[in-house]
Amino acid sequence: MPSNAPSPPGPAAVLCGLAGWVPPRVVTNDELAARLDTDDIWIRTRTGIRRRHVAEPGQATSDLAVEAGRLALDSAGGAPADAVIVTTTTPDRPCPATAPVVATRLGLAGAAAFDVGAVCTGFVYGLATAAGLIAAGVARRVLLIGADTYSTIVDPLDRTNAVIFGDGAGAVVLRAGDADEAGTVGHFDLGSDGAHEDLITVAAGGSRRRSTGDEPSHAERHFAMRGKEVYRHAVTRMAASARATLELAGWKTDDVDHFVPHQANLRILHSVADDLGLPRERCVANVDAVGNTGAASIPLALADAATRHRTRPGDRLLLTAFGGGLTWGSCLMTWPELAPLPQPERTTR
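Here goes a summary of the coordinates provided. Throughout, residues of each chain are indexed from 1 in the direction in which the sequence is written. Since the coordinates come from a predicted model, pLDDT governs what is reported: local features require at least 70, and pairs of side-chain atoms require 80 or more to be given and counted, while whole-chain, interface and lining totals use all residues. Side-chain metrics rest on all non-hydrogen atoms present in the structure, leaving aside hydrogens and water.

A word on the sheet that holds strand S7 (residues 167-177)
Consideration 1: Here a strand pair is declared whenever DSSP counts at least two bridges between the two strands. Per the convention used, a helix needs a DSSP run of H or I reaching at least four residues, while a strand needs a run of E reaching at least two, with both numbered from the N terminus. With mixed pairing, 9 strands are arranged side by side in an open sheet as S5-S4-S6-S7-S1-S8-S13-S12-S11. Either end of the sheet is taken by a strand with one partner, and the two such strands are strand S5 (112-116) and strand S11 (258-261). In this sheet, neighbouring strand axes are inclined to one another by 25 degrees on average, regardless of whether the strands run parallel or antiparallel.
Consideration 2: The contact definition used throughout considers only heavy atoms, calling two residues in contact when any of these lie within 4.5 Å. Fitted lines through C-alpha atoms serve as axes, helices being fitted only where they are in contact, and the angles separating the N-to-C directions of these axes extend from 0 to 180 degrees. Contacts from helix H8 (residues 266-276) reach S11 and strand S12 (316-323), with the element oriented near 135 degrees to S11.

Next up, the structure:
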C-alpha cells in the first residue's frame, strides 16, 4: 500500500477472497408497518432502509457464517485457512465461541479459531487481528467472518430498533503477501470508551446480570440503544478515527477512491462523509437493502461493491466503524484482483 509511513515488520495481509450472504427471507418496511406504529416513508426518511433479511426460526449465527465463509474460501481459490475468526454480537451460545464450530463445518478442524466481540466495530477489529496473526507468522491464511443475527436480540415490537437491524454474514480471506501488492490491508486506528457502555447494550445474559440471581425483565433480554447519543458519538468517533488513519498512512482525503463505513443508517453514513469532506458518491452503501447487519455490514458492503463492479484493482479504500462498548476503528486497503463474485438474487438490491 503506497504510504509515507514505514511498513510494519513481517508479511503484509492481502485480501484474496470475499463473499457476502444473507438469509432468503426479506422483511419490507410495509411488513413492519403492519405491526408497528410506523410506515415506509417514516423508516426510509430516518434510516434510508427499505428492507432487511431475517434468519428463519432455528437458524443461528454460525449457519450464516458458514455460508459466507464457504463462498469466501471459494472466491480465494479454495485453499484452506489456518486460522478462523468470527466477529459477532450474537454468538450461538455464551460458551463456547462460535468460530470453532464454523471452522469444523467448513472442513478446517484443527485451525486456530476464536471470536472477536466489538459489536458493530467487530469487522475492523477482526481485520487488525488477522493482519497481526499474519505479520507475526502465526498464520499464513486467515478466514475472517463478520456475522450477526440481530433478529434474535431485538424486540420485534420495538418500533425504534426493529426497523434498523437485519441479519447477515460477510467474509474475507487474507493471505500473507507483500506490502506493495493490490489488496493489502494495513494502517489501523482502534479505540474504545467504556464509560459509555450503557448507550448500546443487552443487559441480560452475561455475568453482571446473572450474578444478581433475579429473573431479567423482558426489556433486559433485548437490545437497547439510546439513539440520539449514539448518533452523535458515531459521527464524531468515526470521522476522528478515519482522519487518524489517513494521517498515519500519509494519505489525503482526495486519495480515497471509496469510503466504506459501517452501515448503521444512511444519515450517519452521509454525515461522516460530509465531516471528512468526502463526496457522498464515494460512499459505498447497501444499507437500504440489508439494514444494519452489525459486524457483517462492512464485508457485505464490500461484496456488494464488487458485484456491482464499483471497484477496480488498485483502488484505495477507507473503512471505518463504530459500535457498542463504545468501540470504533478504521483501516485502509487497496482493492485486489478478485474473480467475479456470484450474484444470487438475495444478496443484491
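Further notes follow.
Thoughts on the packing of aromatic side chains
Consideration 1: Planes of paired rings set the category: under 30 degrees apart is stacked, over 60 is edge-to-face and the rest tilted, where pairs are Phe, Tyr or Trp rings (Trp by its six-membered ring) whose centres lie within 6.5 Å. The full count for this structure, using the stated rule, is 3 aromatic pairs.
Consideration 2: Relative to phenylalanine 165, the ring of tyrosine 150 lies with its centre 4.6 Å away and its plane at 15 degrees, an arrangement referred to as stacked. In this pair, tyrosine 150 is assigned in the loop between strand S6 (141-149) and S7 and phenylalanine 165 in the loop between S6 and S7, connecting sequence segments 15 residues apart. Phenylalanine 165 shares its class with tyrosine 150; the two are buried. Only protein chains enter the accessibility calculation, which uses a 1.4 Å probe; a residue whose area is less than 20% of its type maximum is buried, one above 50% is exposed, and one in between is partly exposed.

As for the side chain of serine 297
Consideration 1: By secondary structure assignment, the location of serine 297 is in helix H10 (residues 297-307).
Consideration 2: Residue class for serine 297 comes out buried when judged on its relative accessible area of 2%.
Consideration 3: When sequence neighbours within four positions are dropped, the list of residues in contact with serine 297 reads His262 and Gln263.

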